[in-house]
Amino acid sequence: MNKIIILIIAIYIFSYCFLFKQDYINVSQIIKKQIMSILNKKENRRKSDVYAFINIYIIPLILSILIAIEKILSKSFYDNIIIILAILVSVFPTLINILTSKSYKEKNEKQKKIINYTFNNVYFLTIISILLIILCFFKTSFSNLHINIIDNIPLISKIFTLNNCKIVFDTIVIYLIIEIIIHLLIVLKRIEQIFFITFDD
């Protein structure tokens, strides 16, 4: 019974933080802005935007599924990811501090637009990094957690087998890792653009 309550509360907290717009937590809007910074509004959308969206979000998902099916991830992998992400997340506030420095406050509209995109990139990176840390911690600390309620529902128990759940979990973890790498490269590119515009001025 306690396991079911834990699951319900965890789902509620996740929904509150990630699925709905709140006064204090605005994760869903940050994710939406990040996607739209790649895809653009429909009236301004180009074929290259759709192509970039597929390369950044869809192809990594397919790759993640294929890797997860191969079952090559070990427990030590998750431990190492937690350590790396803990260091990486500490760097993001420094990036925000650089972007909010006085030298960027009176620049042209093009630079302001790129800075806004870069801000959202860093926020997005922070969110998915924190989510990945939580998932890896969950994997290493609660790997034997099993909710017996699904065993009493034949259809659900056939779909949500332990093996299938592991594949889905590993897919999410791998996908988030790939997205972090891709968006770090995007941030570096946009910071480079900001500097070039600054020097051109």
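The model shown is predicted, which means the values in this text are computed figures rather than measured ones. Residue indices follow the written sequence of each chain, beginning from 1 at its first position. For this predicted model, a pLDDT threshold of at least 70 governs which residues receive local features, and a threshold of 80 or more governs which side-chain atom pairs are given and counted, while totals over whole chains, interfaces and linings are taken from all residues. Side-chain numbers here rest on the full set of heavy atoms in the structure, without hydrogens or water.

Caption draft 1: Quick peek at the overall build of the protein chain. Think of it this way: any DSSP run of H or I at least four residues long counts as a helix, any run of E at least two long counts as a strand, and we number them from the N terminus. Looking only at helices and strands, one finds 7 helices and 0 strands in the protein chain. Along the protein chain, helices (α) and strands (β) appear in the sequence α-α-α-α-α-α-α when read from the amino end. Burial classes: relative accessible area under 20% of the type maximum marks a residue as buried, over 50% as exposed, and values in between as partly exposed (1.4 Å probe, protein chains only). Each of the 201 residues in the protein chain was classed as buried or not, and the buried ones make up 32%. In what follows, a contact means two residues having at least one pair of non-hydrogen atoms within 4.5 Å. Considering only residue pairs separated by 6 or more positions, the protein chain has 78% of its internal contacts joining residues 24 or more positions apart.

Caption draft 2: Expanded view of the side chain of Thr171. Relative to the helices and strands, Thr171 resides in helix H7 (residues 162–200). With near-sequence residues (within four places) excluded, Thr171 lies in contact with Leu61, Ser64, Ile65 and Ala68.

Caption draft 3: Quick peek at the nonpolar core. For this analysis, a nonpolar core means a set of buried residues of the types Ala, Val, Leu, Ile, Met, Phe, Trp, Tyr and Cys, connected via side-chain atoms within 4.5 Å. One finds Leu132 and Val173 to be the most contacted residues of the largest nonpolar core, which totals 26 residues. Going through the elements one at a time, helix H1 (2–18), helix H2 (27–39), helix H4 (75–99), helix H5 (109–141) and H7 are the ones with two or more residues in this core. Among the elements that line this core, the one with the most residues is H5, at 9 residues. With residues up to four places along the chain from it excluded, the contact list for Val173 reads Phe77, Tyr78, Leu132, Leu135 and Cys136. Grouped together as the second largest cluster of nonpolar side chains are 10 residues, Tyr57, Ile167, Tyr175 and Ile186 included.

Caption draft 4: Region of interest: the packing of aromatic side chains. The criterion for an aromatic pair is that two Phe, Tyr or Trp rings (for Trp, the six-membered ring) have centres within 6.5 Å, with stacked assigned to planes under 30 degrees apart, edge-to-face to planes over 60 apart and tilted to the rest. Tallied over the entire structure, the rule returns 2 aromatic pairs. Both rings, one in Phe53 and one in Tyr57, keep their centres 5.2 Å apart while their planes meet at 45 degrees; by these two values the pair is tilted. One end of the pair is Phe53 and the other is Tyr57, both in helix H3 (residues 47–70) and 4 residues apart, which spans about a single turn. Both rings, one in Phe119 and one in Tyr123, keep their centres 5.9 Å apart while their planes meet at 25 degrees; by these two values the pair is stacked. Here Phe119 and its partner Tyr123 are both found in helix H5, 4 residues apart, which amounts to about one turn of the helix.

Take it as geometry only, folks, not as evidence of what the structure does.
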